Amino acid sequence: MSSSHSATLSSERVPTTVRPAPPRATWPWILLLVLSVAGLTWVLKGYQLFQGTMVLCYAIALLGLNILTGYNGQISLGHGAFFALGAYAAAIAMEHGGMPYWVAVPVAGVACLVIGYLFGRPALKLEGLYLALATFALAVAMPQLLKYKHLEAWTGGVGGIVLMKPDAPFGLPLTPDQWLFLYALVVAVVMFVIGHNLLSSGSGRAMRAIRDNALAAQAMGVDNPHYKSMSFGISAAFTGVGGALSAIAVQFVSPDSFTLFLSISLLVGVVVGGLGTLWGAVFGALFIMFVPSFAESISKAAPWAVYGVVLIAIMFAMPGGAVGLLRSTASRWKRRATP
């Protein structure tokens with residue numbers, strides 16, 4: 001292949017979708033946002049703090065799924081399985097391994113990284129809907145695998161594993177709920193920084209090139225099998241960390257807590273928040289956490305009908321997700337403000 005032909009592929013066949021890093025002027029606003037969320041520790045009470053912690057858990061998991069689907073173009077209907085694996089890995093590490101929670105969470109992430117990479121490697125032969133069906137099968141099988149009698153000594157079988165919520169360290173005047181919310185916030189910030197740095201690197205650009213045109217990316221020298229497997233493993237690791245935090249927040253894991261609907265909800269959250277966006281994970285997490293409760297408050301007889309109507313309305317109003325709507329609104333305001 002000639003150099004001129006390669007240049008043509010680079011300029012025409014692979015759309016330029018790389019967004020620059022946020023300008024330095026926006027970082028103070030991001031820091032202010034993080035500090036504002038941290039301030040909620042002393043505003044929210046009881047169950048509200050639990051909801052806030054779960055939003056952070058889902059946001060981390062959705063960021064992982066967005067890396068795979070939004071940035072690499074691989075469809076997964078089974079990330080609830082990795083959420084479950086992360087939860088069980090942390091629970092087993094704490095209950096049977098005697099590890100502290102702050103060690104169990106990264107251990108769960110590493111375990112999901114390895115399992116995700118090993119699952120993604122043979123799945124390279126599948127693309128599109130075929131890959132989606134393979135991950136769908138994983139989500140369907142996971143609850144049954146967790147109940148398997150030969151694993152019952154570790155997983156607790158149908159009864160699951162009960163965990164204790166950690167107390168605040170160093171004698172800090174915080175309740176367990178307050179401390180866990182702050183800890184989850186710190187982990188979420190770290191995971192988002194890692195995700196931002198990854199997607200801004202050469203690896204992130206290679207992942208997007210594969211999403212936009214796999215043949216063109218390969219012609220340009222991108223190792224498609226490596227980056228696809230790496231994307232699957234990293235995505236599983238993020239989702240596993242979210243699952244591990246959720247296990248500590250809920251203080252209990254059982255196979256029936258990780259049904260197929262969890263995988264569907266994660267995919268819905270990614271689309272609602274905005275495919276291929278970092279901040280979309282936050283909006284998607286808010287949707288997963290609060291819209292089902294809102295639907296039930298509207299109609300206890302048919303909450304999922306209300307859920308479906310809300311979802312359809314959101315898709316019509318925000319076809320690009322919540323972040324897409326914010327970007328289009330900001331662009332319109334800039335055009336109006338420009339003389």
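Shown above is the structure to which this text applies.
Quick notes on the rules
Residues numbered from 1 in each chain as written. Predicted model: local features only at pLDDT ≥ 70, side-chain atom pairs only at ≥ 80, totals over all residues. Heavy atoms only, no water. Helix = DSSP H or I, 4+ residues; strand = E, 2+ residues; numbered from the N terminus. Rg over C-alpha atoms; globule rule 2.2 N^0.38 Å. Buried < 20%, exposed > 50% of the residue type's maximum accessible area, 1.4 Å probe, protein only. Contact = heavy atoms within 4.5 Å. Areas by Shrake-Rupley, 256 points an atom, 1.4 Å probe, with all protein chains shown as cover. Lys, Arg positive; Asp, Glu negative; His and termini not counted. Charge placed at Lys NZ, Arg CZ, Asp CG, Glu CD. Salt bridge = Lys/Arg side-chain N within 4 Å of Asp/Glu carboxyl O. Expected span 1.5 Å × (residues − 1). Bend = angle between axes of the 7 residues up to and from the residue. Disulfide = S-S within 2.5 Å. Core = buried A, V, L, I, M, F, W, Y, C linked by side-chain atoms within 4.5 Å. Polar contact = N/O pair within 3.5 Å; in protein donor to acceptor, adjacent residues only side chain to side chain. Axes fitted to C-alpha atoms, helices over the stretch in contact; angles between N-to-C directions. Parallel < 35°, antiparallel > 145°, perpendicular 65-115°, else oblique. Left-handed = near helix turned anticlockwise from the far one by under 90°. Nonpolar A, V, L, I, M, F, W, Y, C, P; charged D, E, K, R; others polar.

A look at the overall build of the chain
- The helix and strand inventory of the chain stands at 15 helices and two strands.
- Compactness check: the chain gives a C-alpha radius of gyration of 21 Å against a globular reference of 20 Å for 339 residues, within 12% of the reference.
- When the backbone C-alpha atoms are referred to their principal axes, the chain occupies close to 60 × 55 × 45 Å.
- Here the chain, with 339 residues, has 47% of them falling under the buried criterion.
- In the chain, the proportion of contacts linking residues at least 24 apart, taken out of those at least 6 apart, comes to 80%.
- Element-wise, carbon and sulfur atoms account for 69% of the exposed surface of the chain, whose accessible area totals about 16,900 Å².
- Across the chain, the 19 positively charged side chains and the 10 negatively charged ones have centroids separated by 13 Å.

Topic: the pattern of salt bridges
- Counted according to the given criterion, the structure contains three salt bridges.
- Aspartate 256 is the salt-bridge partner of lysine 147, the closest N and O atoms lying 3.1 Å from each other. One end of the pair, lysine 147, is in the loop between helix 6 (129-146) and helix 7 (152-155); the other, aspartate 256, is in the loop between strand 2 (252-253) and helix 12 (260-273), and 109 residues separate them in sequence.
- One salt bridge in this structure joins arginine 211 and aspartate 212, with 3.1 Å as the shortest N-O distance.
- Residue arginine 211 is classed as partly exposed on the basis of its relative accessible area, which comes to 26%.

Points about helix 13 (residues 280-298)
- With 19 residues, helix 13 extends 26 Å from end C-alpha to end C-alpha; this agrees with the ideal 27 Å at 1.5 Å per step.
- The largest bend along helix 13 measures about 35° and falls at phenylalanine 290, with the proline proline 292 one to four residues further on.
- For helix 13, every residue scored as buried is listed here: Gly280, Ala281, Gly284, Ala285, Phe287, Ile288, Met289, Val291 and Ala295.
- In the core, the buried residues of helix 13 are packed alongside helix 3 (47-69), helix 8 (176-200), helix 12, helix 14 (303-317) and helix 15 (321-337).

Overview of the state of the cysteines
- Under the defined criterion, the tally for this structure stands at zero disulfides.
- Just so you know, cysteine 57 is unpaired, no disulfide at all, and the nearest cysteine sulfur is the one on cysteine 112, 13 Å from it.
- Cysteine 57 gets classed as buried once you look at its relative accessible area, which sits at 0%.

Some thoughts on the environment of methionine 94
- Counting through the fold element by element, methionine 94 comes out in helix 4 (residues 79-95).
- Judged by relative accessible area, methionine 94 falls into the buried class, the value being 17%.
- Put simply, methionine 94 and valine 189 are 95 residues apart on the chain and 23 Å apart in space, counted from C-alpha to C-alpha.
- If we skip the residues at most four places from it in the chain, methionine 94 touches Met99, Tyr101, Ala104, Leu163, Met164 and Ile248.

Details of the nonpolar core
- Core analysis: the largest hydrophobic core is formed by 87 residues, its most contacted members being Tyr58, Tyr183, Leu245, Val253, Phe258 and Leu266.
- Sort the elements by how many residues they give to this core and helix 3 lands first, with 14 residues.

Some words on the side chain of serine 235
- Mapped onto the secondary structure, serine 235 falls in helix 11 (residues 224-250).
- A polar side-chain atom of serine 235 sits 2.6 Å from a polar atom in the side chain of histidine 79.
- Residues within four places of serine 235 in sequence aside, it is in contact with Gly64, Leu65, Leu68 and His79.

Observations regarding the packing of helix 3 against helix 13
- At a closest axis distance of 8 Å, the pairing of helix 3 and helix 13 adopts a crossing angle of 130°. By the criterion of interaxial angle, the relationship of helix 3 to helix 13 is oblique. The interaxial crossing formed by helix 3 with helix 13 has right-handed handedness. Taking contact as the criterion, the partners of Gln51, Met54, Val55, Tyr58, Ala59, Leu62 and Leu63 in helix 3 are, on helix 13, Ala281, Val282, Gly284, Ala285, Leu286, Ile288, Met289 and Phe290.
- Here the contact of helix 3 with helix 13 is composed, by residue class, of 13 nonpolar, two polar and no charged.

Remarks on unusual backbone geometry
- Residue phenylalanine 170 is not a glycine yet carries a positive backbone phi of 60°.
- Inspection of the secondary structure puts phenylalanine 170 in the loop between strand 1 (161-162) and helix 8.
- A positive phi is found at glutamine 251, a non-glycine position, where the angle reads about 70°.
- Within the secondary structure, glutamine 251 sits in the loop between helix 11 and strand 2.

Functional significance is not addressed by these values, which are geometric in nature.
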